[in-house]
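Commentary on secondary and tertiary structure
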Amino acid sequence: MRGSLTSLLIAAAPILGALSFSANAGDLPTEKAVLTAPPLVPPPITRSHPAKVVVELEVVEKVMPIAEGVEYTFWTFGGTVPGKFIRVRKGDTVEFHLMNHPGNKLPHNIDLHAVTGPGGGASSTFTAPGHRTRFTFKALNPGLYIYHCATAPVGMHIANGMYGLIYVQPEDPLPKVDREYYVVQGDFYTPGDFGKKGNQPFSMKRAIDENPSYVLFNGSASSLVGDNALKAKVGETVRLFVGNGGPNLVSSFHVIGEIFDKVYFEGGIRAQEHVQTTLIPAGGSAIVEFKLDTNGTYILVDHSIFRTFNKGTLGMLKVDGEQDKAVYSGKELDEIYLGDESVATQIKAQSDKKDEKPKIARVETKKLDGAALFAKNCAMCHQAQGQGIPGVFPPLAKADYLMKIAKSGDRSELVKIVLQGKTGKITVNGQEYNGVMTPVSGLSDDELATLLTYVTNTWGNQAKSFTKTEVEKYRKGLGAAGGNMDAHP
Ligand SMILES: [Cu+2]
């Protein structure tokens, strides 16, 4: 059990000077905690006895990108959002030092949900800029806990990124896995909507209205995409330590294309098995594990899905290795389906009217294929006529960006965009876009050639056709990760 939030507000106590308090940790061996920045997790603790663990965490107020072209003044535990990951063992005595960098403007403190005692440490760690405070606690309960700043206004300190995870490893540790990663969701409040350029301040109004402009993993729209994607190999088991800093939203955490073999729900030590989506409350956590049975890119989302596609809650796990066709075949069939318009139906209808000559519209196979492939794979974002949605999804119809590549000598970029997705700032027909296109999977070389030919030769576009050989060559150029992005939602 721990203290209530009201006790945190006592934190507005006078600033204490040098503190003399020190818990009696007896003759425990002393060690310095290994702290890691996200998405990394400190190595498992291998000792089988308690220790005195010294944690030194520095608060740093700093400007960082929250999305491409958008800056935000974050308040951090250790220079990152979320703050440094802390790992201790049940029964350890933790000597906690909080340092507030002299260049900072505000006092801060820390409430660790792993602490038993009033305020979770908050009232003992109220720290002015240029000061260091210390308190000691015993890690009585195992599990994965959020820590956060609790200095008034508490919501604002949390909204600015002041949270992280502390894992109190059980005496009987979880089985060893191949990789452990650290992901924390948080909601952010700025006057400008998602993607509005420049330096964006904190908006108290939006925070009170619980109307975030950003909902992010690890404090930035690009923290887990592109080169920053999490990585693993087929056959490995991955464990994610997932937290939700809030301050307001609850997360419906899901990985597209995977099933959690185990979820230590709410960060406790009992596991549920075979879970699709797990609920992570604000100020809560979960540990999820899954074995990777086949290759591809798996997408981390909050399944409150507008947050993912419009507010930035998107991460990627890139899994290299062999595709297991028995587990996942990839697309096996995509043929024309005419329903009631089928040739057989038409012939029958025609022959019923004997005097009339049957006139069956000959379907132009290639063209229809392209249209169908477009409708299935691209239209949901780029819209039925390729017109896009201004500021959100760029147009493909008469798009200077697309046509410049289509008419150039090396058109590999288009194959790359489709197979690997696209993020980052681009300008299309004079309008800026800074979204996330997820990789499109399951297209054969033939289909991709047909699709790209369609896109570059419809709605007033005109370019040389793409051939199967051309696409094949570009796909090879993309290497192992190029062809098997099986995570398109
Ligand atoms: Cu703070």
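Scroll up for the structure.
Scope of this entry: the structure provided in the associated data block. (Residues numbered from 1 in each chain as written. Predicted model: local features only at pLDDT ≥ 70, side-chain atom pairs only at ≥ 80, totals over all residues. Heavy atoms only, no water.)

Describing the overall build of the chain
Condition: Under the DSSP-based scheme used, a helix requires at least four consecutive residues in state H or I and a strand at least two consecutive residues in state E, with every element numbered from the N terminus. Partly exposed residues are those whose accessible area sits between 20% and 50% of the maximum for their type, while under 20% is buried and over 50% is exposed, using a 1.4 Å probe and protein chains only. By the convention used here, residues are in contact when the closest approach between their heavy atoms is within 4.5 Å. For every accessible area listed, the method is Shrake-Rupley and the probe measures 1.4 Å; residues are considered covered only by the protein chains on display.
Looking only at helices and strands, the chain has 11 helices and 25 strands in total. For the chain, buried positions account for 51% of its 489 residues. Put simply, 70% of the contacts in the chain that link residues at least 6 apart link residues at least 24 apart. Carbon and sulfur atoms provide 55% of the accessible area of the chain, an area that totals close to 22,600 Å².

Topic: the state of the cysteines
The term disulfide refers to a covalent linkage connecting the sulfur atoms of a pair of cysteines. For clarity, the threshold we go by: Cysteine sulfur atoms that pair up within 2.5 Å are treated as a disulfide.
Counted by the stated rule, this structure contains zero disulfides. With no disulfide of its own, cysteine 381 lies 8.8 Å from the sulfur of cysteine 378, the closest cysteine sulfur.

Focus on the coordination of the copper ion
For clarity, the cut-off: Metal donors were taken as nitrogen, oxygen and sulfur atoms no farther than 2.8 Å from the ion, or 3.2 Å where the ion is Na, K or Ca. Water is excluded, so coordination may look unfinished. Here the metal geometry follows the donor angles, with tetrahedral for four donors whose angles all fall between 85 and 135 degrees, square planar for four and octahedral for six when opposite donors are more than 155 degrees apart and every other angle is between 65 and 115, and irregular for all the rest.
Those donors, His108 (ND1), Cys149 (SG), His157 (ND1) and Met162 (SD), are the protein atoms that reach the copper ion, and they lie 2.0 to 2.5 Å from it. In this structure, the copper ion is coordinated by four donor atoms arranged in irregular fashion, with angles at the metal of 89 to 137°. For the copper ion, the single-chain donor residues occur in sequence as H-x40-C-x7-H-x4-M. In this pair, histidine 108 is assigned in the loop between β5 (93-100) and β6 (111-112) and histidine 157 in helix α2 (residues 154-159), connecting sequence segments 49 residues apart.

Observations concerning the pairing of strand β3 (residues 70-77)
For a regular strand, the rule is simple: side chains alternate between the two faces of the sheet. For clarity, the cut-off: At least two bridges found by DSSP between two strands are what make those strands a pair.
With respect to burial, β3 is a largely interior element, six of its eight residues being buried. Bridge count for strand β2 (residues 52-67) against β3 is eight bridges, and the pairing is antiparallel. What sits directly across from methionine 64, in β3, is tyrosine 72. Counted along the chain from β2 to the antiparallel partner β3, the turn is two residues long, and its residue glycine 69 has a positive phi close to 80°. Where β3 meets strand β11 (residues 198-199), two bridges bridge the pair, whose relative direction is parallel. By the bridge assignment, valine 70 is partnered in β11 with glycine 198.

Section: the sheet that holds strand β17 (residues 272-275)
Heads up, the condition is: Every axis in this analysis is a line fitted to C-alpha atoms, fitted for helices over the stretch in contact. Angles between the N-to-C directions lie between 0 and 180 degrees.
Pairing is mixed across the open sheet formed by six strands, whose spatial order is β12-β10-β14-β19-β16-β17. Each edge of the sheet is formed by a strand with only one pairing partner; in this case those strands are β12 (214-217) and β17. On average, each strand axis in the sheet is tilted by 25° relative to the strand beside it, whichever way the strands run. Taken together, the four bridges between strand β10 (residues 179-188) and β12 define a ladder with antiparallel strand orientation. Counted as the bridge partner of aspartate 187 is valine 215 from β12.

A short note on helix α9 (residues 412-420)
Here α9 has its buried residues at Leu414, Val415, Ile417, Val418 and Leu419. In the core, the buried residues of α9 are packed alongside α8 (400-406), β22 (422-423), β25 (436-437), α10 (445-455) and α11 (468-477). Following α9 by one or two positions, glycine 421 adopts a phi angle in the positive range, close to 80°.

Some remarks on the sheet that holds strand β9 (residues 163-169)
Read across the sheet, four strands follow the order β4-β9-β8-β6 without closing on themselves; strand pairing throughout is mixed. The open sheet is flanked by β4 (86-89) and β6, the only strands paired with a single partner. Across two bridges, β6 lies against strand β8 (residues 143-148) in antiparallel orientation. Opposite aspartate 111, over in β8, you have histidine 148 as the bridge partner.

Re the pattern of salt bridges
Two side chains bearing opposite charge may form a pair once their charged atoms approach each other closely. Worth spelling out the cut-off: Salt bridges are defined as contacts in which a side-chain nitrogen from Lys or Arg sits within 4 Å of a carboxyl oxygen from Asp or Glu.
This structure, assessed with the given rule, holds 17 salt bridges. Note that lysine 52 and glutamate 95 form a salt bridge whose closest N and O atoms lie 3.3 Å from each other. Highlighted residues: lysine 52 in strand β2 and glutamate 95 in strand β5, separated in sequence by 43 residues. Exposure remark for glutamate 95: the relative accessible area of 12% places this residue in the buried category. The partner of aspartate 209 in a salt bridge is lysine 205, and the shortest N-O contact between them spans 2.5 Å.

Topic: the packing of aromatic side chains
The condition that has to hold: Ring pairs shown here join Phe, Tyr and Trp side chains whose ring centres sit within 6.5 Å, with only the six-membered ring taken for Trp; geometry is labelled stacked below 30 degrees between planes, edge-to-face above 60, and tilted in between.
Within this structure, the stated rule accounts for 16 aromatic pairs. Measuring from ring centre to ring centre gives 5.9 Å for phenylalanine 260 and phenylalanine 290, while their planes differ by 35°; the resulting arrangement is tilted. One end of the pair, phenylalanine 260, is in strand β16 (residues 260-264); the other, phenylalanine 290, is in strand β19 (residues 284-291), and 30 residues separate them in sequence. For phenylalanine 260, a relative accessible area of 0% corresponds to the buried category. Counting every residue linked through ring pairs, the aromatic cluster contains Phe85, Tyr167, Tyr182 and Phe241.

Here we look at the packing of α9 against α11
Worth spelling out the cut-off: Angular relationships are summarised with four words: roughly parallel below 35 degrees, roughly antiparallel beyond 145, roughly perpendicular across 65 to 115, and oblique for the angles in between. Handedness of a crossing is defined here by the sense of rotation of the near helix relative to the far one, left-handed for an anticlockwise turn of less than a right angle and right-handed for a clockwise turn. Residue polarity is assigned by list, with Asp, Glu, Lys and Arg as charged and Ala, Val, Leu, Ile, Met, Phe, Trp, Tyr, Cys and Pro as nonpolar; anything else, Gly included, falls into the polar class.
Between α9 and α11, the shortest axis-to-axis distance is 9 Å and the interhelical angle comes to 65°. One finds that α9 runs roughly perpendicular with respect to α11. The handedness of the crossing between α9 and α11 is right-handed. Judged by residue contacts, Ser412, Val415 and Leu419 of α9 engage Val471, Tyr474 and Arg475 from α11. For the contact of α9 with α11, a count of residues per class yields four nonpolar, one polar and one charged.

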